[in-house]
Structure formats: C-alpha cells, structure tokens
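# Structural features, examined
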2 protein chains.
Amino acid sequence: MRISPGTASFQLVNEFTNRVPAATVRRLSLYLRFLEDFGRSGVTSVASNALAERGGTTAAQVRKDLSYLGSYGKRGLGYSVEELTRVLRTVLGLDTVWRVALLGAGRIGTALFEYEPFRRRGFHITAVVDNDPAKVGTRLGHILVRAEHEMECVLREERIDLVIVAVPAPAAQGLVDRVVAADVKAVLNYAPVQLHLPEDVALRNVSMLVELESLSYALTRAADC
Amino acid sequence: MRISPGTASFQLVNEFTNRVPAATVRRLSLYLRFLEDFGRSGVTSVASNALAERGGTTAAQVRKDLSYLGSYGKRGLGYSVEELTRVLRTVLGLDTVWRVALLGAGRIGTALFEYEPFRRRGFHITAVVDNDPAKVGTRLGHILVRAEHEMECVLREERIDLVIVAVPAPAAQGLVDRVVAADVKAVLNYAPVQLHLPEDVALRNVSMLVELESLSYALTRAADC
C-alpha cells in the first residue's frame, strides 16, 4: 500500500494508528530519528533489520511496529526512507506546531527551554510561568516569564496545547489541576510526583531518578554474581 | 516472612530479586518514593491499594511487584512502611553510595549536576568531564571540570561506578566505548542516540523527545475524535 501526502494519507494513516500501544509509539519515535539520519546520509531505502540494529531491537519487532501504519516495504526492497519518514511524522503528530507552556523556570525548566531539538520537532515553548518574583518579568530567550497567578490567562492567550511541568513536587498537582481546568489536554511531568489527571488528558512522566535507580539495581545484581 | 536489617536480609532479598523485570524495578522505585512520603507523614502501615492509588496502578499489580521481594504484608494489616522502605532501598541498591561521572557540562549536564535528589539517593557526582577548553579547569559546584582526554585517568582516580552521558549525539558512542574500556558497568544516556554496549554493561536511555512525541501522538488521536 502506498500513501500519498496530504489529508488523504493522514486519514488513511489514522485508521491504522488508533490502537497503537504506547511502547510501539515510543519505538516509532526512535525509528523516525534513524530514518531522518539515513535520509541525511542519502540512503533512500532501508530494510527492517537496519532499523532494528540501530534501535537495539529485532527486525520482527520493527515489522510488527510498522505494520500498525499499514503494510509498507516490499520483500527484498525494504522501506522507502522518504515515504516512511513522512508517514511517521504524520502519525506522531509532528507535521504541525504544538504550542507549549513551560511551568517552572528553574534549573530543569531552563535546560528544557534551551533544548533546541524540541523546537526543531515542532514543540514551540511560547509561554513560561514561574512563582519566583525575582524571575517574573525577566525573559527566558525572547519569552517573558509570567507570574503563576496569571497562568490561566497565559494558557488561553497563547492557545497552549501542552504544558511541561518543571516545578517542585509539592506544587505540581495544584498547578496541574488549574491546567486541566484551563482545558489543556497534554502534560509532560518532570516533577518527582505521581500526578492525577482526568482520563482525557494525556500524561507522560519523566523521572530523573527512576532510570538511575534501575542502574543501581543492575549494579547491585552484578555485584552478587 | 520478616526480614531483619543487615547483610542477612540483603542476601535473603537477593534470592528473590535476581529475576525482577525492568518495568517492575521502575515501579519499585516509585513505591519507595511513596513509602518515604508515608513514613514522613507518620504512616506506619499501608495497604497495597494505597500504593496502587498513588502509583496509578492496581492493588493486584502492587502485590505482584512486591511478591518478588518475598511474601510481605499480612491480610488486613497491609505492609510495614518502615520494613518495606528498608527492603526496597536494599533491593534497589540505595543503601550505598554510587560514584558517578558526568560526561558533558552543557545545559542538560549542568541541570543534572545541580539536581539535588540524585545526591540524596546516594548518587554522588564526583567527576565532570568536558571537551570545551573554556570549561576545562573551571568548577561545577566544588568539582573541577576535567578534559575529555583525561577521562580514563579520572574514571580510575575517582573509582567511578556509573557515568551520565550528556554530550552531543555524534560524540556519545566514541566516548562510551572508552568508558566501557575503562571497565565502568553502568551508563545513563541523555544523548539522543542509540548506544551499543557489551551485554555486561547496564544502559538506560532518557530521551528528552520520545515522551513529548508520544504526547503529540495522543493529541493528534484526540483531534480525530
């Protein structure tokens, strides 16, 4: 099945992607990164095992993951880098610009603000909110830092799609309750706390500690051998 | 089964934890955080559904996860907060100090260096390496930034257990190959690239983009409804 660009392909892709598991979505993000690298280096077509090798997975897994997008790739010919790149961008919602508000302009928040790949991917931080009077009124890049009590206005004015929570753990839930009330439907949480959100709000947690702790677990196990 | 503190319990715990799946290890990290909160607020015993509620999972999942540690909790009495906290710290390798080297003192690296919970958890960044002549010889906190060509000496001098990779993607694999050659057995990777390491080296990847992209995926799906 070939997919032509534009809305038609978008609709078509959707039919295939409404039931994609979260782990597969994460791998699709990785495959997209690899395909873009291949594209830059002039590769026009790749086999599933090339993606598998870079992704640290198996060719079977790659084929299964991509099968959610419909039946691509021709036996022996592999996948068209250009076509699969376009489809993955569409599926992952990366052919549009997402307006992002950064809540918390501390160390982590500032680092995230200055993380250039976010913008390259279409995630534009167009608002920054902090409760520190010393920060409110200053600028992060070209963005004015607004006071926390102004947050609802800012979210509405800037038509924010998604918020990044980079405030201390005790402040996170209260702030996010207000974000939800302001009808924002996606939250990326860096605060070390489990947030409770309604079913219809997408939440992803990035824990700075959990991955480190699974390494100390691995090191401890290794020490037993 | 009750577990007494000290080496005996450590050995005992190990028997139960050599086959714990990665996803369970991640949840154990979360349960530990919740148990510590409960402990601070004076709670002495918790039911599995209290941990489930905070962890956004089910009581059955909590009981299954904790069953890897042996049979805790008495029907109706729940789990001893103090005992389970101690066991989880031991299992996760958090009752020791891990010596960590930070590779890359850029925005992300600096934010990680200043992320206080790492130290509280026993992850002490005792070495920082960067290839920028303007940074080498300066200090991050009280740690002298060393040159990349000195890395092997630094890893040996500081008896580093674990490295955090916060260098640009193109530099990451080459640097990590040297880390592996220097016999470091754990790598936390923040570089947006898939690293290839020997079987006996534990690797965890933290992608700044993958979680954001799974949110844009969710937002796109929601838009279709």
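Values in this document were obtained by computation on a predicted structure and should not be read as measured data. Within every chain, residues take consecutive numbers counted from 1 along the sequence as written. The naming scheme follows written order: chains are lettered A onward, ligands numbered 1 onward. Reporting of local features is limited, given that this is a predicted model, to residues whose pLDDT is at least 70; pairs of side-chain atoms are given and counted only at 80 or more, and all residues count toward the totals for whole chains, interfaces and linings. Here the side-chain values reflect all heavy atoms present in the structure, with hydrogen atoms and water set aside.

### A look at the pairing of strand β6 (residues 143-147) of chain A
All names here are of chain A. Across the five residues that make up β6, a large majority, four, are buried. Between any two strands, pairing holds if DSSP finds at least two bridges. Strands here are runs of E lasting at least two residues and helices are runs of H or I lasting at least four, both read from the DSSP assignment and numbered beginning at the N terminus. Note: strand β4 (residues 123-130) against β6, three bridges, orientation parallel. Note that in β6 the partner of Val-128 across the bridge is Val-145. As paired elements, strand β5 (residues 139-140) and β6 share two bridges and run antiparallel to each other. Bridging across to β6, Leu-140 finds its partner in Ile-143. Partly exposed describes any residue whose relative accessible area lies between the buried limit of under 20% and the exposed limit of over 50%, with all areas from a 1.4 Å probe on protein chains only and scaled to the type maximum.

### Regarding the relation of the copies chain B and chain A
Residues reaching a pLDDT of at least 70 in both copies supply the C-alpha atoms on which the copies are superposed by least squares. Of the transformation superimposing chain B on chain A, the axial component is 0.0 Å and the angular component is 180°, with the fit at an RMSD of 0.0 Å. Taken together, the rotation angle and the small translation identify this as a two-fold axis. Ranked by how close their C-alpha atoms come to the rotation axis, the residues of chain B are headed by Ala111(B), at 3.2 Å. Whether two residues touch is decided by their heavy atoms; if any such pair falls within 4.5 Å, the residues are in contact. Taken together, the interface assignments show that 100% of the residues at the interface of chain B recur at the interface of chain A, consistent with an identical surface on both copies.

### Overview of unusual backbone geometry
Phi at Asp183(A) takes a positive value of approximately 75°, unusual for a residue other than glycine. Here Asp183(A) is to be found in the loop between α9 (169-181) and β8 (186-189).

### Overview of the environment of Ile125(A)
All names here are of chain A. For Ile-125, the location among the structural elements is in strand β4. It is 9.3 Å that separates the C-alpha atoms of Ile-125 and Leu-162, two residues lying 37 residues apart in sequence. Excluding anything up to four places from it in sequence, Ile-125 contacts Val-100, Leu-102, Leu-112, Phe-113, Ile-143 and Ile-164.

### As for the sheet that holds strand β7 (residues 162-165) of chain B
Adjacent strands of a sheet pair through backbone hydrogen bonds, lying either parallel or antiparallel. Residues and elements named next belong to chain B. With mixed pairing, seven strands are arranged side by side in an open sheet as β5-β6-β4-β3-β7-β8-β9. Of all the strands in the sheet, just β5 (139-140) and β9 (202-205) have a single pairing partner and so form its edges. Both strand β3 (residues 98-103) and β7 contribute to a ladder of four bridges, which runs parallel. Opposite Val-100, over in β7, you have Leu-162 as the bridge partner. Convention adopted: a line fitted to C-alpha atoms gives each axis, helices being fitted over their contacting stretch, and angles between N-to-C directions are expressed from 0 to 180 degrees. Lying on the sheet, helix α9 (residues 169-181) is in contact with β3, β7 and β8 (186-189); it crosses β7 at an angle near 175°.

### Quick word on the nonpolar core
Only buried residues count toward a nonpolar core. Its members are Ala, Val, Leu, Ile, Met, Phe, Trp, Tyr and Cys residues joined through side-chain atoms within 4.5 Å. One finds Ile164(A) and Ile164(B) to be the most contacted residues of the largest nonpolar core, which totals 106 residues. Ignoring anything within four residues of it in the chain, the contact list for Ile164(A) reads Val100(A), Ala101(A), Leu102(A), Leu103(A), Leu112(A), Phe118(A), Ile125(A), Leu188(A) and Tyr190(A).

### So, the pattern of salt bridges
Residues and elements named next belong to chain A. Salt bridge, as applied in this entry: a Lys or Arg side-chain nitrogen positioned within 4 Å of an Asp or Glu carboxyl oxygen. All told, the structure shown has 30 salt bridges over all chains when counted by the stated rule. Residue Arg-99 is joined to Glu-158 by a salt bridge in which the shortest nitrogen-to-oxygen separation is 2.7 Å. Highlighted residues: Arg-99 in strand β3 (residues 98-103) and Glu-158 in the loop between α8 (151-157) and β7 (162-165), separated in sequence by 59 residues. Between Glu-150 and Arg-146 there is a salt bridge, with the nearest N and O atoms lying 3.3 Å from each other. We classify Glu-150 as partly exposed; its relative accessible area is 24%.

### Regarding α9(B)
Of all the positions in α9(B), only Ala172(B), Leu175(B), Val176(B), Val179(B) and Val180(B) are classed as buried. Asp183(B), located one to two residues past α9(B), shows a positive phi value of around 75°.

### Some points on the sheet that holds β8(A)
Residue and element names in this part refer to chain A. Read across the open sheet, the seven strands follow the order β5-β6-β4-β3-β7-β8-β9; overall the sheet is mixed. In the strand order of this sheet, the two ends are held by β5 and β9 (202-205), each with one partner. As judged from the three bridges shared by β7 and β8, these two strands associate in the parallel manner. Counted as the bridge partner of Val-165 is Asn-189 from β8. Against the sheet, α9 engages β3, β7 and β8, with an angle of about 175° to β7.

### A word on the interface of chain B and chain A
With 61 residues of chain B at the contact, the number on the chain A side is 62 residues. Buried area between chain B and chain A, summed over both chains or domains, comes out near 5700 Å², and the portion from carbon and sulfur atoms is 66%. Summed over the shared surface of chain B and chain A, the result is eight salt bridges. Throughout this description, a polar contact denotes any pair of N or O atoms lying within 3.5 Å of each other; where both atoms belong to protein, one of them has to be capable of donating a hydrogen while the other can accept it, and for residues adjacent in sequence the pair is counted only when both atoms sit in side chains. The tally of links from chain B across to chain A stands at 16 residue pairs in polar contact (both at pLDDT 80 or more). Broken down by element, the residue count for the side of chain B that touches chain A peaks at 13 residues, all from helix α10 (residues 210-224) of chain B. Split into classes, the residues belonging to the side of chain B that touches chain A amount to 33 nonpolar, 14 polar and 14 charged. The quantity reported as buried area is the accessible area (1.4 Å probe) lost by two parts once they are put together, taken as the sum for both. Gly falls in the polar group here, along with every residue not listed as nonpolar (Ala, Val, Leu, Ile, Met, Phe, Trp, Tyr, Cys, Pro) or charged (Asp, Glu, Lys, Arg).

### A look at the packing of aromatic side chains
Residue and element names in this part refer to chain A. Centres within 6.5 Å make a pair out of two Phe, Tyr or Trp rings, where for Trp the six-membered ring is used; the pair is then stacked when the planes are under 30 degrees apart, edge-to-face when over 60, and tilted otherwise. Inspection of the entire model under this criterion finds two aromatic pairs over all chains. Ring centres of Tyr-115 and Phe-118 lie 4.9 Å apart, and the angle between their planes is 75°; on these two criteria the pair is classed as edge-to-face. With respect to burial, Tyr-115 and Phe-118 carry one shared label: buried.

### With respect to the layout of surface pockets
Empty pockets left among the atoms are what a rolling probe the size of a water molecule brings to light. Computed over the protein atoms alone on a 1 Å grid, cavities are sets of points where a 1.4 Å probe fits but cannot get out and pockets are open sets with protein on both sides within 12 Å along at least five of seven lines; a residue lines them when it has an atom within 4 Å of a point. Grid points are joined across faces, edges and corners, and a volume is the space filled by probe spheres set on the points. Size it by volume and the largest pocket reaches roughly 1700 Å³. Lining the largest pocket are 49 residues; nearest its centre among them are Arg26(A), Asn205(A), Glu211(A), Arg26(B) and Glu211(B). Elements represented by at least two residues in the lining of the largest pocket include exactly α2 (22-40), β9 and α10 (210-224) of chain A together with α2 (22-40), β9 and α10 of chain B.

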